[in-house]
Amino acid sequence: MSQSLLKATGVHKSFAGVHALKGVDLDIRKGEIHCLAGENGCGKSTLIKIISGVYQPDAGTIEFDGKALARITPIDAIMLGIQVIYQDFSVFSNLTVMENLALNSELAQKRRLVNWKRMREIAREAVAKINFEVDLDAPVSSLSVAQKQMVAICRALMFNARLIIMDEPTTALTRKEVQALFDIILKLKAQGISILFVSHKLNEVFEISERFTIFRNGELVKTGETRELDSNKFTYYMTGREFAPQQFVPEQVSKEPLLEVRNLTAKGFFEDVSFALHAGEIVGVTGLLDSGRSELALALFGVRPADSGEIRLKGRKTDIRRPRDAVRGKLGLVPEDRLSEGLFLPRSIEDNLVIAEVDRLAGPLSVIDRTKRRDEIRRLVDEFKIATPDPKNACQTLSGGNQQRVVLGKWLACNLDVLVLSGPTVGVDIGSKHDIHEILQNLARGGMGILIISDDLPEILENCSRVLVLKSGRIRKEMDTRDADERLILSHMM
Amino acid sequence: MSGMARPKGTLSTLYAGNRHVFRLVAVILAWMVFMALTRFEKFYTLINFQTMASQFPEFGLMALGVMLCMVTGGIDLSTVGIANLAAILTAFFLKAVALPDGGLPAYAIPAAFALAMAVGAVLGVFNGLLVSKVRIPPILATLGASELFTGVAIVLTNGNAVSKLPIGYATAINSKVLGNLIPVQLIVFTAVALVIWFLLNRTTYGVKIYLLGTNATAARFSGLSNDRLLVKTYMLSGICAALGGMIMLANYNSARANYGSVYVLQCILIVVLGGVSPAGGKGRISGVVLAIFLLRLLETGINRFPQISSYYISLIWGGVLLLVMVLDYFSDYSAGRRLKRRPAAPAP
Amino acid sequence: MRQWLRRLTRRNEPYIFLVLLALCLLIEVRSGQFFTANNLVDIASAMVVPGLFALGIYMVIVSGGIDVSFPALASLTSYATTKYLLDAGYTGGIWLPMAMSLVMGAALGAVNGVFIGFFGLPAMIVTLGTSSVFKGLMQGALNSVQLAVIPEGMRQFGTDALFVATNPVSGLSSRMPVSFLIFAAVVLLVFFLMRYTYFGRGIYAMGGNEVSAHRAGFHTRRTKFFLYVIVGMIASAAGLIRTCMMQQNHPTNMLGMEMNIIAGVVLGGTAITGGAGSVTGCMLGTLLIVIVENSMILIGIPTVWKSVFVGALIVIGTGVSAMQVVRANRLAANRNLTQEAAKA
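Since we're looking at a predicted model, the values are computed, not measured.

Asks: Any chance you could explain the overall build of chain C here in plain terms?
Replies: Regarding its fold elements, chain C presents 14 helices and two strands. The C-alpha atoms of chain C give a radius of gyration of 21 Å, which matches the 20 Å a tight globule of 344 residues would have. For chain C, the C-alpha atoms occupy an extent of roughly 80 × 55 × 35 Å along the three principal directions. Residues classed as buried in chain C amount to 51% of the 344 residues present. Taking the contacts inside chain C whose residues are at least 6 apart along the sequence as the reference set, 76% of them involve residues at least 24 apart.

Right under this line is the structure:
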């Protein structure tokens, strides 16, 4: 019978009135790959920070290797063998790979003077553990996201790690890189290291973990063997609701296209992309991270304009050199990174909702009509069901799903013809995901043209009538979703 | 599911949103009371207030311009440079159009103001382009520009002051209207402050620059023309600076490349004390105006105590700034909000 | 070899060096006076005080902060030291004044350090405030006036020369001041600190990502505190040396230098946002500003044009640097994509 490496029992934690953890348990066995899943705000980040010594629990016990842990600091946790790899990897972009690798251990040994030769040796040893080939003198800023992650993993391994906690590690990785990561994880497991893998992606839970634990709203919902899990149970545990997938069927598709793209090219990103989007349609664009799909979205909206090619909006040739051109042409973009690109978090929900159409709410001399503004805000909050006690509250008080609704609301207030969405439900809880899909389908039925650019294949299959598969910057295949399934699409993407 | 909250008591909402402003008002009132108790006859005279009102617009106007730049997340270190250069060019103009008897034609003063504002606008646009198109960090761009503008001013004047101006200008600006009551300088300042208040609080420009200062990337993704907004902002700052220069021209009856060099940092001090965050996106003009008043009141008040050297102003000013910041730090902490270094509450 | 060359082109320092070299050659060609012994000594002499200030501010900027209070700090400590020793009728050597300055500089720097390091308040505002306070203390509390006479020991220090360089053609001669040794020592000290101690690497780490630095185990608050203490000490030493070299103490003479010093440091490749920069670059940038300020007359440009040139230099220098950053980011994005495409 394998023993417990880490056993948390009845852990409570509150912050300024918010009860983040309400007596949760977690049991990680030696040498196992365990997945911790849950929607944003369920408490998984809080528990990780408690395990790694950043926070102290208000109540409950944590046992590591049979011994109860008293108040530990981050350094104590590291010495015990608990390593956390955060989403931002905690790397120093301005320093070299070598320094990033060696700093932690040098500091832990309380060194004052720097011996560059010794540092290099330490770094060389660290990358050898997983055969990571990299230029030790390169500044980390020049590495790709996957490489930075490898640096973080190598660093984690340097302290005789017994438990490695990875927080949403696959967010910015291509499928190939995800595979490479999973191979590394298996290698680590073979070395007897336990891995706690935080993720909300079902396919990853299935693919890599042996056991899982699901939190919801600060409570433990279910823990068990992964092989007993299926997609419906997973959704149910995560949200407490059952969802029936609603396949989108386009009705009243217009003859004339709202958006027509011909031979659009952005050097180094995508080439010769052509397609048409009609009113009443939802078209999907998918591909790997490097397929150019993100850049296509940016080109259509004018953030990174294309180098050549033609864009026609409602039949008229439009030169989109900056976002204003797109908005004027009634095309909006819901960006990939909601937090830094889509929202002004410290500002009020009100400000966020009306910013895109603010010129329309103004009269002569650009003076804002306050009554108009107030009515508009009331309308948008109601229409998009934004859950907030007061729209004057800051946007950062909203959950991920509600934040995305604000972004949607902001654009739909502008009476657009075309809406492009890049990764519309990334980091959104399953409940809101479902609601957002419903909104999009209704919008299409109402006469808009929707373009969903995403790598979430179930999302594409459920919501789009047609899908364009991009590979290395070119459209590899355009297909009807009724004739497609995940495997087929994947085969064209790779 | 949504639902507008019941409006809280007006005063308490007003206080919560303007905590900083209220603190400033409290400090000003405390000082006024102190002066009333100790130097009533010397301080509370009409002449005294008139003098204050005629002097603070010099740096007050500059501070308004710096405030705009700070709201966008930038800064304007070149205000004094612009002010001096505008004043010098205006002085040349006034001397050029002076009538043989030393007077000035009727159009001279309005034309002079137009000229100064045009100069300020052009120099401000230069700054704006450096910041938006060339993407030089504002602190460095305006630093270099400041040196450049001052350098041009030195070359034009050979390092000397431009004096012997037609007396008409100084007398006009130094006069008081409304029955010899309100100094013209105060009128200019009030007019500009009102315009800026209006721009910030009632127009789309105001909304846009607050959001630009909060998150420039999101602003871009929301369809805002960041470049145009920045150029407009620095242009306005340049105009404010030029007007400040015009006031200096009147108050000193001369123009020189190195006048008012202490104002650069003083303006930043005022703006920050007024509640504007150097990171951008926050700050109210009421706070800045109050901070300007506070500075002037402190300075004039201290002057009434001859035993205390007026140089102590610097000390008090810096001390007040540090005090206010520490107070803000502790009040934020006790209000339950966590600051950077303390563990943040988990994101929802 | 090629990799070393490529890495070199990515850095800023070689470009500054080339610009500097070009400027020196230009002056030499126009006047034949640049690479003369006495001119070089003059420049070295002119570098001492700005160079010291620059070293201090360089460390602060790398840590992600900024300090505009150092001229006021230096003015205050040098005035206080000079006045006190004058009043006390001091006749000894330079050691006591220097020790006094350093102690005062450390104390004043500690004030900055407490607010910025322990309270975590924004550096720009804090140092604006302390700049005001220091100025107020000097002019108000200490009633500063220009001191035309300074204690003998300091005067002696100011006129002592390491050697004298004479220009055979013009007959002009210049003294290499003893204080240059102090400057050189501080250069080496700062270089050592930043490159070979974890105090220094911590400063770089904080400048890159303060949260990560804390997580990695750096004592960020303590480091910041001591950083400002050190900067205070360097600044006060510089202030004292300036008084000695000028043979008098002019209280407000140094005020206003902060911006040009910062400009010099930034021109040398230290990013204003923090986390990057080198002592070499910092010195090269400061040298560039010092030469432009001092040697333009040798090309026949009257001193009245000095500010215009310095201003243009800053605008063009930072402009080029900014465009490089934009281009580098675009290239990095492209490189990532082609790397991925190649791997696919």
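Continuing now.
Asks: How should the overall build of chain B be read in this particular structure?
Replies: Looking only at helices and strands, chain B features 16 helices and one strand. Buried residues in chain B amount to 50% of all 348 residues. The contacts in chain B between residues at least 6 apart in sequence include a share of 77% that link residues at least 24 apart.

Asks: Hey, could you run me through unusual backbone geometry in this one?
Replies: Outside of glycine, negative phi angles account for most residues, and trans bonds account for most peptide bonds. All names here are of chain B. Phi angles above zero are rare outside glycine, and Arg135 is one such case at about 65°. Accessibility expressed as a C-beta count within 10 Å gives 16 for Arg135, which makes it partly exposed. Even without glycine at this site, Asn253 takes up a positive phi of about 55°. Tracing the chain through its elements places Asn253 in the loop between helix 13 (226-252) and helix 14 (263-273). The class of Asn253 is partly exposed, set by 18 C-beta atoms lying within 10 Å.

Asks: What am I meant to see in the packing of helix 14 of chain B against helix 15 (residues 285-303) of chain B here?
Replies: The description of two helices packed together rests on the angle between their axes and the distance between the axes. Residue and element names in this part refer to chain B. Across the interface, helix 14 lies against helix 15 with an axial gap of 7 Å and an inter-helix angle of 120°. Comparing the axis directions of helix 14 and helix 15 gives the class oblique. For the pair helix 14 and helix 15, the crossing hand works out as right-handed. Within the contact between the two elements, helix 14 uses Ile270, Val271 and Leu273 and helix 15 uses Val288, Ala291, Ile292 and Leu295. Residue composition of the contact of helix 14 with helix 15, by class: seven nonpolar, no polar and no charged.

Asks: What is the right way to look at the interface of chain B and chain C in this model?
Replies: Listed per partner, the contact involves 45 residues of chain B and 41 residues of chain C. Residue assignment for the side of chain B that touches chain C shows that the elements contributing at least two residues are helix 7 (138-157), helix 14 and helix 16 (312-334) of chain B. Along the lines of polarity and charge, the residues of the side of chain B that touches chain C split into 31 nonpolar, 10 polar and four charged.

Asks: What is the right way to read the pairing of strand 14 (residues 308-313) of chain A from this model?
Replies: Within a regular strand, the side chains alternate between the two sheet faces. All names here are of chain A. Summarising the sheet, strand 11 (residues 257-266) and strand 14 pair through five bridges and their orientation is antiparallel. Within strand 14, the position partnered with Val261 by the bridge is Ile311. For strand 14 and strand 15 (residues 316-317), the ladder comprises two bridges, and the chain directions are antiparallel. Its bridge partner lying in strand 15, Arg312 is registered against Lys317. Linking strand 14 back to strand 15 in an antiparallel pair, the connection comprises two residues, with Lys314 at a positive phi of about 50°.

Asks: Teacher, can you tell me more about the nonpolar core here?
Replies: Soluble globular proteins tend to pack their nonpolar side chains together in the buried interior. Counting residues in hydrophobic clusters, the biggest one holds 361 residues, and the most contacted among them are Val420 of chain A together with Met62, Ala63, Met67, Val271 and Val288 of chain B. Here this core takes 16 residues from helix 13 of chain B, the largest share from any one element. Among all residues touching Met67 of chain B, those that are not within four sequence positions of it are Val271, Val276, Gly283, Ile285 and Val288 of chain B.

Asks: How should I be thinking about the interface of chain A and chain B in this particular structure?
Replies: Many analyses report the size of an interface as the accessible area lost when the parts associate. On the chain B side, the residues contacting the 43 residues of chain A number 24 residues. Those elements that provide at least two residues to the side of chain A that touches chain B are strand 2 (18-29), helix 1 (44-51), helix 10 (323-328), helix 11 (338-342) and helix 13 (370-383) of chain A.

Asks: Teacher, can you tell me more about the environment of Leu296 of chain A here?
Replies: Residues and elements named next belong to chain A. On the secondary structure map, Leu296 appears in helix 9 (residues 293-301). The sequence separation of Leu296 and Val428 amounts to 132 residues, and the corresponding C-alpha distance is 23 Å. Among all residues touching Leu296, those that are not within four sequence positions of it are Phe270, Val273, Val285 and Ile453.

Asks: Is there a simple way to explain the pairing of strand 20 (residues 474-480) of chain A in this structure?
Replies: Residues and elements named next belong to chain A. Across six bridges, the pairing between strand 19 (residues 466-471) and strand 20 is antiparallel. Bridge pairing in strand 20 links Val467 to Met479. Here strand 19 hands over to strand 20 after two residues, with Ser472 in that stretch at a positive phi of 50°.

Asks: What is the right way to look at the confidence of the model for chain B in this model?
Replies: Detailed reading of the predicted model is not advised wherever pLDDT is low. Residues and elements named next belong to chain B. With 90% of its residues at a pLDDT of 70 or more, chain B has an overall mean of 85. The low-confidence segment residues 1-8 (pLDDT under 50) makes 11 contacts with residues lying over four places distant or belonging to another chain. Taken together, the stretch residues 336-348 has pLDDT below 50 and engages in 22 contacts with residues farther than four places along the chain or on a different chain.

Asks: What should I look at first to understand the packing of helix 10 (residues 184-202) of chain B against helix 13 of chain B in this one?
Replies: Residues and elements named next belong to chain B. For the pair helix 10 and helix 13, interaxial distance at closest approach is 11 Å and the crossing angle is 175°. Comparing their axes, helix 13 and helix 10 come out roughly antiparallel. Residues Gln185, Val188 and Val192 of helix 10 touch helix 13, and the partners they reach there are Cys240, Leu243 and Ile247. When the residues that make up the contact of helix 10 with helix 13 are grouped by side-chain class, the tally is five nonpolar, one polar and no charged.

Asks: What exactly am I supposed to notice about helix 4 (residues 57-71) of chain B here?
Replies: What sets the pattern is the α-helix's 3.6 residues per turn: residues three or four places apart point alike. Residue and element names in this part refer to chain B. With 15 residues, helix 4 should reach 21 Å at 1.5 Å per residue; the first-to-last C-alpha distance of 21 Å fits that figure. Burial analysis of helix 4 places 15 of its 15 residues in the buried class, which makes it a mostly covered element. Looking one or two residues beyond helix 4, the residue adopting positive phi is Gly73, at roughly 90°.

Asks: Looking at this structure, I do not really get the sheet that holds strand 5 (residues 67-68) of chain A. What am I missing?
Replies: Strands in a sheet are paired, the pairing made by backbone hydrogen bonds, and the direction either parallel or antiparallel. Residues and elements named next belong to chain A. Here we have four strands laid out as an open sheet, ordered 2-1-4-5, and antiparallel in their pairing. On the outer flanks of this sheet lie strand 2 and strand 5, each paired with one strand and no other. For strand 4 (residues 59-64) and strand 5, the ladder comprises two bridges, and the chain directions are antiparallel. What sits directly across from Glu63, in strand 5, is Ala68. With respect to the sheet, helix 1 is in contact with strand 1 (4-15), strand 2 and strand 4, its orientation differing from that of strand 1 by roughly 115°.

Asks: What exactly am I supposed to notice about the sheet that holds strand 11 of chain A here?
Replies: Residues and elements named next belong to chain A. Pairing within the open sheet is antiparallel, and its four strands lie in the order 12-11-14-15. This sheet does not close on itself; its edge strands, each paired only once, are strand 12 (270-278) and strand 15. By the bridge criterion, six bridges tie strand 11 to strand 12 in an arrangement that is antiparallel. Across the sheet, residue Leu259 finds its bridge partner in strand 12, namely Leu277.

Asks: What is the right way to read the environment of Arg322 of chain A from this model?
Replies: With respect to the element layout, Arg322 of chain A can be found in the loop between strand 15 and helix 10. Distance in space between the C-alpha atoms of Arg322 of chain A and Leu298 of chain A is 9.8 Å, their sequence separation being 24 residues.

Asks: Just to check I follow, could you spell out the environment of Leu162 of chain C for this structure?
Replies: All names here are of chain C. By the element assignment, Leu162 lies in strand 1 (residues 161-166). Taking the number of C-beta atoms within 10 Å as the measure of exposure, Leu162 has 14 and is therefore partly exposed. Counting along the chain gives 15 residues from Leu162 to Pro177, while the straight-line C-alpha distance between them is 5.8 Å.

Thresholds applied
Residues numbered from 1 in each chain as written. Chains lettered and ligands numbered in written order. Predicted model: local features only at pLDDT ≥ 70, side-chain atom pairs only at ≥ 80, totals over all residues. Helix = DSSP H or I, 4+ residues; strand = E, 2+ residues; numbered from the N terminus. Rg over C-alpha atoms; globule rule 2.2 N^0.38 Å. Buried ≥ 20, exposed ≤ 12 C-beta atoms within 10 Å, placed from the backbone. Contact = placed C-beta atoms within 7 Å. Axes fitted to C-alpha atoms, helices over the stretch in contact; angles between N-to-C directions. Parallel < 35°, antiparallel > 145°, perpendicular 65-115°, else oblique. Left-handed = near helix turned anticlockwise from the far one by under 90°. Nonpolar A, V, L, I, M, F, W, Y, C, P; charged D, E, K, R; others polar. Pairing = 2+ DSSP bridges. Core = buried A, V, L, I, M, F, W, Y, C linked by C-beta atoms within 7 Å. pLDDT = per-residue confidence, 0-100. Expected span 1.5 Å × (residues − 1).

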